[in-house]
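# Geometric and topological summary
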Amino acid sequence: MKPIAAGRVHLPNTLARVTRRSSGRVLVVCRKYHDESFGFRKARKFTISDYTSEQLANRATNAPLLRYADSLRTHGHRAASIDPLDLLRRERVAALDPMRYGLDDPDRTFDVNGILWTGEDKREWTLDNITSFLNSVYVGRIAYEYMDLPSKTERLWFAKLLESQSALEPMAVINADRRKNIHSLLAKSEVLDNFLQVKFPNLKRYGLEGGESMLPALDALFEAASKAGITQLILAMPHRGRLNLLTGLLEYNPTSLFHKIKGGCEVDESLGVSGDVLSHLVASPTLQYGEADGIKVSLLPNPSHLEAVNPVALGKARAKQYSLLKTLSDSENNQDCMLGDKVMCVQLHGDASFTGQGVVMETLGLSGLPHFTSGGSVHIVVNNNIGYTTPASSARSSFYCSDVAKMINCPVLHVNGDYPEDVVRAVDIAFKYRNHFRKDIVIDLIVYRRWGHNELDEPAFTQPLMYEKIRSRKSVPRLYEDKLVLDGVISLEAARAIRDSYKASLNTALTDVASYVPPPMSFEGAWKGMVWPASPAASQEETGVSSDVLRDVGKASVHVPEEFGIHPRLNRHVKSRLGSIESGEGIDWASAEAMAFGSLMLEGCDVRIAGQDVGRGTFSHRHAMLVDQKTEGVIVPLNHALTDAKGKLELANSSLSEMAVLGFEYGASWERPDLLPIWEAQFGDFFNGAQVIIDTFIASSETKWLKQSGIVLLLPHGLDGAGPEHSSCRIERMLQLTNDSYTAQEKPNVNMHVVFPTTPAQYFHLLRRQIKRNYRKPLIVAAPKGLLRLAAASSKLTDMGPGTVFQPVLHDPVTLTDPTAVQRIVLLSGKIYYDLAKERATRNLESRVALMRIEELAPFPFAMLSEALAPFAEANRHLEVLWVQEEPRNQGAWGHVRERIEEVLKGLGMEGGVAYRGRREDAVPAPGTGKVYGIQQRAVIESIFQGL
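Residues numbered from 1 in each chain as written. Predicted model: local features only at pLDDT ≥ 70, side-chain atom pairs only at ≥ 80, totals over all residues. Heavy atoms only, no water.

Within the chain, the regular secondary structure consists of 31 helices and 28 strands. For the chain, whose C-alpha radius of gyration is 32 Å, the value lies close to the compact-globule estimate of 30 Å for 948 residues. Considered along the principal axes of its C-alpha atoms, the chain spans approximately 105 × 85 × 50 Å. For the chain, with 948 residues in total, the buried portion stands at 59%. Considering only residue pairs separated by 6 or more positions, the chain has 80% of its internal contacts joining residues 24 or more positions apart. Carbon and sulfur atoms provide 50% of the accessible area of the chain, an area that totals close to 38,000 Å². (Helix = DSSP H or I, 4+ residues; strand = E, 2+ residues; numbered from the N terminus. Rg over C-alpha atoms; globule rule 2.2 N^0.38 Å. Buried < 20%, exposed > 50% of the residue type's maximum accessible area, 1.4 Å probe, protein only. Contact = heavy atoms within 4.5 Å. Areas by Shrake-Rupley, 256 points an atom, 1.4 Å probe, with all protein chains shown as cover.)

Spelled out as structure tokens, the structure:
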């Protein structure tokens, strides 16, 4: 077998590794499927020194002791003191008794070489010393779950760290100054909660009382990350404790907080935004820890839908590192700068939502995937052992709320929140793991909730015993303060001074509300140069491209190296595309898309398309990646052949997830306006698995948070007999989510654009428009299915040339020559146009029926439609105007367009209004029987020409 050699097309990596056996025979060893595509990042491999022969022999000799040690490592967490309220019902753990392993003499000595990792030269230990040592490590106030990890390297890493002296280092560095800092964070958090309770007694503030150790945990994490060279930290969290974090660590101005509490808006109200609730406020300070470079902590805005922000944070963290994907190869030898070196994602969770919300599982599933990893996240579950009023016993089927993380073989550290220094130690260990292995890790911070779900709830209605305990105990800040006073670290007077001083500053901040004005909005970093969409400066460049560039890109999109063996059936695909490019006619959808991608790449923009099977395309139409049939090596022709392009195309074939993957792409869109981020649903209606992301982020982020996004949703849509679940992208839902005006506006600022293009050229211009504007808007595309290969639904190269743009309304070129002959105007969107055009020709009614396509449904094109209808209105103001659609009457665009079309007709003096033609109301988008579909479709088509 011959080794594969590189051809004329630039290949950054060989398509296969070559090895040579002792026989001299050369073999090609295939690499994993898809590992050649841009953006792919293989999991980093680690090794650790294995057991020596002497250690192995000793392990065999002292097998009972080995079993005992491993049992404590495995089961110690079940007996650990990790619950502040001691509510966890724990049975005696028989596996922790040395007698179970025949070890009954506490004075007997053992050689611990290869069994314990003490870091000491002393190898002879008594059983009593061994028992005390292992219990101090594994049955304390921090509990560890790592023995179920499949990686021996990771298990050994944990054992050596925890059992060696290095595990004590974090405790050693908690000197007096650091302990004072922990106390200050805890005390100020308590002062804030008490202050708000007194000044605003009816406020739902979701305070941190009982969970204050979250603050020193995050402070320790920020510091460790900063000292390790991380400069950007993306933080996602729910509502509880958010105000404490903002004011205590993230340098949020208390005056701004009080301004918001008193009913003010957190941003400039002149921008026309609605703002969001108090518990969704954000901050992005740059924090300084010692001599290390500053670390920018970006707390993301989030909706009230718990955990929905997690994939958004993960996507933003990956997008911040996009440049690494360009500058580094996938070579195993190139480990100098890896994902996660400079950026880290931190996700805070609640215990009930961590187990109850499916997006948690979906996001965890993305964390290690080659096109989605960001270099490892640290998860902190602020565990109250209650969700709203539901106790843990009714909230999850597992013992720990963190057990869901075991689906990705994630280690878990449980820690008692009553002991802030142990919390800091747990954070230090977690960060070391994440930074070493670049994988996710979970800290289960077990605390309690002093109040109910909010401060106005009475939790004793449903949890009387729990709250009897809570109300009889001192707060975490007071307990820690007592300890520091007892240890002589701080005096009572000094502690009181800290509280009094902070309370005085809060009073001053409250007084300053009267003169407070929110700071103006500005675009910084990658967004510099962008404008607010409603601004007079909002504009867009033309989207047409020269024919020479289009031809070059089109050819590059199907360039196959000589030595690369594509599937035989793809030869026709290559030949067809090259033929249409050469003739300048018959350009199909996939070709137009490739030209849009490639032309943007040549202009320095990156393109990322994610979803299930996006490389090939659900309908086997795209083939943006090619797979060698002998080696399964992969090339993306646009990346390999467009050697002058600074932009790259990333094809992220995703897991079978909608909500997390769409959230991830949306997070990337927040970070980089020069990225064209696309999520393609396998079928249009599959978006409903991601409805929370669409409702609470895509449709509303600009209005709530002033966050722009250029995300594109490709939702294959069209009735074709495929049944109820593969026919509709529920376009009516998307239109209902828009704030599109019912009347014409001079410069409408619609929250997202909804389009239903019918030609490849229109699609081409839409994709390029997303990038060429100096602002960003989400784009919802009712994408084609049957039109992908319909010859009539093709474009000319000139339709994408200089001077051409997207047309919100497509005129009828047949009837425009003689408007006076037209008897009926049919307005429509989508693929039914081609069915009607064919039927019209068959009936020889081209001059009498005008078919006019509304390609952009939101913002509704009032002016363009009026312009298109004007010649017909001048000829006959009593013309019959119909709206036709394939979807049932209670679905599709009819509910959105009716009043708006009538507004246009009224402006033209056409008082007859618009009549509906299409399917009757239905509970499903389409019938599940092909015969019924055919009968219905025929009836719709015939209704258009009835009476002519």
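Cis geometry is adopted by the peptide bond preceding proline 859, which originates at alanine 858 and carries an omega value of 0 degrees. Tracing the backbone through its elements, the reader meets proline 859 in the loop between β26 (856-858) and α29 (862-875). A positive phi angle, close to 55 degrees, is found at arginine 438, a residue other than glycine. Within the secondary structure layout, arginine 438 lies in the loop between α15 (420-437) and β14 (441-446).

On to the nonpolar core. A general tendency of soluble globular proteins is for nonpolar side chains to be buried together. Core analysis: the biggest nonpolar cluster contains 106 residues, and Phe158, Met214, Phe222, Leu250 and Phe258 have the highest contact counts within it. Beyond its immediate stretch of four places on either side in the chain, phenylalanine 158 contacts Tyr146, Leu149, Pro411, Leu413, Ile429, Tyr433 and Ile441. Judged by nonpolar contacts, the second largest core, of 75 residues, contains Val343, Leu662, Ala858 and Phe860. (Core = buried A, V, L, I, M, F, W, Y, C linked by side-chain atoms within 4.5 Å.)

Moving on, we get to the sheet that holds strand β9 (residues 343-350). Read across the open sheet, the eight strands follow the order β5-β13-β14-β10-β9-β6-β8-β7; overall the sheet is mixed. Of all strands in the sheet, those bounded by a partner on one side alone are β5 (142-145) and β7 (286-287). Here four bridges tie strand β6 (residues 232-236) to strand β8 (residues 295-299), and the two strands are oriented parallel to one another. Note on β8: the bridge partner recorded for leucine 235 is leucine 299. (Pairing = 2+ DSSP bridges.)

The next subject is the packing of helix α3 (residues 127-138) against helix α4 (residues 152-163). Contact geometry of α3 with α4 gives a least axis separation of 10 Å together with a crossing angle of 105 degrees. The pairing of α3 with α4 is recorded here as roughly perpendicular in orientation. Counting all contacts with α3, which are made through Phe133, Val137 and Tyr138, the residues of α4 involved are Ala159, Leu162 and Glu163. A breakdown of the residues in the contact of α3 with α4 according to their chemical character gives five nonpolar, no polar and one charged. (Axes fitted to C-alpha atoms, helices over the stretch in contact; angles between N-to-C directions. Parallel < 35°, antiparallel > 145°, perpendicular 65-115°, else oblique. Nonpolar A, V, L, I, M, F, W, Y, C, P; charged D, E, K, R; others polar.)

Okay, the pattern of salt bridges next. Once their charged atoms are close, side chains differing in charge can pair, the charge on each being opposite to the other. The full count for this structure, using the stated rule, is 53 salt bridges. The partner of arginine 608 in a salt bridge is glutamate 650, and the shortest N-O contact between them spans 3.1 Å. Taken as a pair, arginine 608 in strand β15 (residues 606-611) and glutamate 650 in strand β18 (residues 649-653) lie far apart in primary sequence, 42 residues in all. You'll find arginine 608 and glutamate 650 in the same group, each marked buried. For the salt bridge of arginine 938 with glutamate 839, the shortest nitrogen-to-oxygen distance reads 2.8 Å. In this pair, arginine 938 is assigned in helix α31 (residues 930-945) and glutamate 839 in helix α28 (residues 832-842), connecting sequence segments 99 residues apart. A cluster of three or more residues bridged by salt bridges with shared partners is formed by Arg179, Glu421, Lys483 and Asp487. (Salt bridge = Lys/Arg side-chain N within 4 Å of Asp/Glu carboxyl O.)

Let us now look at the state of the cysteines. If you walk through the whole model with that rule in mind, you get zero disulfides. Unpaired in this structure, cysteine 401 has its nearest cysteine sulfur neighbour in cysteine 410, at a distance of 12 Å. With relative accessibility at 1%, the residue cysteine 401 sits in the buried group. (Disulfide = S-S within 2.5 Å.)

Considering the arrangement of structural elements, one finds arginine 840 in helix α28. For arginine 840, a relative accessible area of 3% translates into the label buried. Those residues in contact with arginine 840 that lie beyond four places of it in its chain are Asp812, Val814, Thr815, Leu845, Glu846, Val849, Ala850, Leu851 and Phe945.

Per-residue confidence for the chain gives a mean pLDDT of 90, with 94% of residues at or over 70. Overall, residues 1-33 carries pLDDT values under 50, and its contacts beyond four positions in sequence, including any with other chains, amount to 66 contacts. Confidence drops under pLDDT 50 across residues 329-335; counting only partners more than four residues distant or on other chains, this segment forms 15 contacts. (pLDDT = per-residue confidence, 0-100.)

This part is about a negative patch on the surface. Side chains of Asp104, Asp105, Asp107 and Asp128 sit close together on the surface and give a patch of like negative charge. For aspartate 104, the position within the fold is in the loop between α2 (63-75) and β3 (109-111). The exposed category is assigned to aspartate 104, whose relative accessible area is 57%. (Patch = residues over 30% accessible without salt bridge, like charges linked within 9 Å, V, L, I, M, F, W, Y side chains within 5 Å. Lys, Arg positive; Asp, Glu negative; His and termini not counted. Charge placed at Lys NZ, Arg CZ, Asp CG, Glu CD.)

What follows concerns the side chain of glutamine 770. Counting through the fold element by element, glutamine 770 comes out in helix α27 (residues 760-772). A polar atom in the side chain of glutamine 770 sits 2.9 Å from the backbone oxygen of lysine 777. Not counting residues up to four positions away in its chain, the partners in contact with glutamine 770 are Leu676, Gly710, Ile711, Val712, Tyr775, Arg776, Lys777, Pro778 and Leu779. (Polar contact = N/O pair within 3.5 Å; in protein donor to acceptor, adjacent residues only side chain to side chain.)

So, on to the environment of phenylalanine 597. With respect to the secondary-structure elements, phenylalanine 597 resides in helix α21 (residues 589-602). For phenylalanine 597, the contacting residues outside a window of four places in its chain are Val607, Leu638, Leu649, Leu676, Ile678 and Leu767.

For strand β10 (residues 377-383), the buried fraction is high: seven of the seven residues fall into the buried class. Judged by which residues are buried, β10 turns out to be covered on both faces: Ser377, His379, Val381 and Asn383 on one side and Val378, Ile380 and Val382 on the other are all buried. Bridge count for β9 against β10 is six bridges, and the pairing is parallel. Bridge pairing links glutamine 347 to histidine 379 in β10. With six bridges connecting them, β10 and β14 associate as parallel partners. Of the residues in β14, the one forming a bridge with asparagine 383 is isoleucine 446.

Attention now goes to the pairing of strand β13 (residues 412-416). Burial runs high along β13: five of the five residues are buried. Residues Val412, His414 and Asn416 line one face of β13 and the alternating positions Leu413 and Val415 line the opposite face, and both faces are buried. As judged from the four bridges shared by β5 and β13, these two strands associate in the antiparallel manner. Across the sheet, the residue bridging to tyrosine 144 is leucine 413, located in β13. Strand direction decides the pairing type here: β13 and β14, joined by five bridges, are parallel. By the bridge assignment, leucine 413 is partnered in β14 with isoleucine 443.

This part takes up the sheet that holds strand β28 (residues 915-919). Strand order in the open sheet formed by five strands is β23-β25-β24-β27-β28, and the pairing between neighbours is mixed. Whereas interior strands pair on both sides, the edge strands pair on one side only; in this sheet they are β23 (809-810) and β28. Contacts between α29 and the sheet are confined to β23, β24 (824-828) and β25 (849-854), with β25 contributing the most and set at about 170 degrees to the helix. Here α31 sits on the sheet and contacts β24, β25, β27 (880-888) and β28; the angle it forms with β28, its principal contact strand, is near 160 degrees.

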